[in-house]
Every structure is written in structure tokens, then in C-alpha cells.
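Fold and geometry: a report
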Amino acid sequence: MRKSSKKREKTLTKSPTKLMKGCKMVCETFRKIVDSKYFGRGIMIAILINTLSMGIEYHEQPDELTNALEISNIVFTSLFALEMVLKLLVYGPFGYIKNPYNIFDGIIVIIR
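Criteria and thresholds
- Residues numbered from 1 in each chain as written.
- Predicted model: local features only at pLDDT ≥ 70, side-chain atom pairs only at ≥ 80, totals over all residues.
- Heavy atoms only, no water.
- Core = buried A, V, L, I, M, F, W, Y, C linked by side-chain atoms within 4.5 Å.
- Buried < 20%, exposed > 50% of the residue type's maximum accessible area, 1.4 Å probe, protein only.
- Helix = DSSP H or I, 4+ residues; strand = E, 2+ residues; numbered from the N terminus.
- Contact = heavy atoms within 4.5 Å.
- Salt bridge = Lys/Arg side-chain N within 4 Å of Asp/Glu carboxyl O.
- Axes fitted to C-alpha atoms, helices over the stretch in contact; angles between N-to-C directions.
- Parallel < 35°, antiparallel > 145°, perpendicular 65-115°, else oblique.
- Left-handed = near helix turned anticlockwise from the far one by under 90°.
- Expected span 1.5 Å × (residues − 1).
- Arc of directions from axis to C-beta.

1. Focus: the nonpolar core
Among the nonpolar cores identified, the biggest contains six residues, and these are Ala-46, Phe-76, Phe-80, Met-84, Tyr-96 and Val-109. The element best represented in this core is helix H3 (residues 63–97), accounting for four residues. The residues contacting Met-84, other than those within four sequence positions of it, are Tyr-96, Gly-106, Val-109 and Ile-110.

Listed below in C-alpha cells is the structure:
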């Protein structure tokens, strides 16, 4: 009976280590993604396309255009919220607010 409890203790002590390694690996992967130039460029392109899609609205526009613009608005808002969450996970709350652009982006995502 003693041997089984010792094995159980060893198993329990090894689990947090594996969990921490897995968490560290995920965080490092997110950091590589967020810090890559392609991520920043992709977000800038999304901002440009979102701005253009908001600018094509006009009075008495067809319902199809209204529906398409509403869907695109949801898609872009979700994309920007994902960007915010990834940056919060990578940099932490205080690291996130060190950059004034992140503060502005965060406010816009929360307001939308």
C-alpha cells in the first residue's frame, strides 16, 4: 500500500511540471505570433479594409449591402478582440497598457 501512495505522489508532482512546460510553450508560440511583422501587417490591412467597408455605407442602400456590412463589422470586431486577447496573454495587463496604441485599440474594441 505504501508503494502505491509513493507512486501517486510522484505522478502528482510531475503533472504540474508538464503543465507548466506546456503553458510556457503556448505562451512562447503566442509571443512569436504577436511579435512577428506579418501579424502587425495583417492587423494593419484589416484596419484598412474595415475603414473602407465602413466608408461605403450610404443612405437608402440595398438590404444586401447592409447585411454584408453588418457581417463584416462582426468579423473585424472579432479579429480585433482576438488581437487584444493575444496581446494581453503575451504581455500581461501592465505590459499591454505600456503601449499607447494598445490602450487606444483596447478602448475601441470594448466600445464596439
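Further notes follow.
2. Details of the pattern of salt bridges
For the structure shown, the criterion picks out two salt bridges. Measuring nitrogen to oxygen at the nearest pair gives 3.9 Å for the salt bridge that ties Asp-35 to Arg-31. One end of the pair, Asp-35, and the other, Arg-31, are both in helix H1 (residues 2–35), four residues apart, so they sit about a helical turn from each other. Look at Asp-35 and you get partly exposed, because its relative accessible area is 44%. One salt bridge in this structure joins Lys-87 and Glu-83, with 3.2 Å as the shortest N-O distance. On the criterion of helical spacing, the pair formed by Lys-87 and Glu-83 is a turn pair, its members being four residues apart in helix H3. On the accessibility criterion, Glu-83 (8% relative accessible area) is buried.

3. Some thoughts on the packing of helix H2 (residues 37–55) against H3
The N-to-C vectors of H2 and H3 enclose an angle of 150 degrees; their axes lie 11 Å apart at closest approach. Put simply, H2 runs roughly antiparallel to H3. With respect to the hand of their crossing, H2 and H3 are arranged in left-handed fashion. Across the interface between the two elements, Phe-39, Ile-43, Ala-46, Ile-47, Ile-49, Asn-50 and Ser-53 from H2 touch Leu-69, Ser-72, Phe-76, Leu-79, Phe-80, Glu-83, Leu-86 and Lys-87 from H3.

4. Concerning H2
Owing to its 3.6 residues per turn, the α-helix aligns residues three or four sequence positions apart on the same side. Between its first and last C-alpha atoms H2 spans 27 Å; for 19 residues at 1.5 Å apiece the expected length is 27 Å, and the two agree. Buried within H2 are the following residues: Phe-39, Ile-43, Ala-46, Asn-50 and Ser-53. Down the axis of H2, the smallest arc covering the buried residues is 90 degrees, so these residues share one side. Of the exposed residues in H2, the ones pointing more than 90 degrees away from its buried face are Lys-37, Tyr-38, Met-44, Ile-45, Leu-48, Leu-52 and Gly-55.

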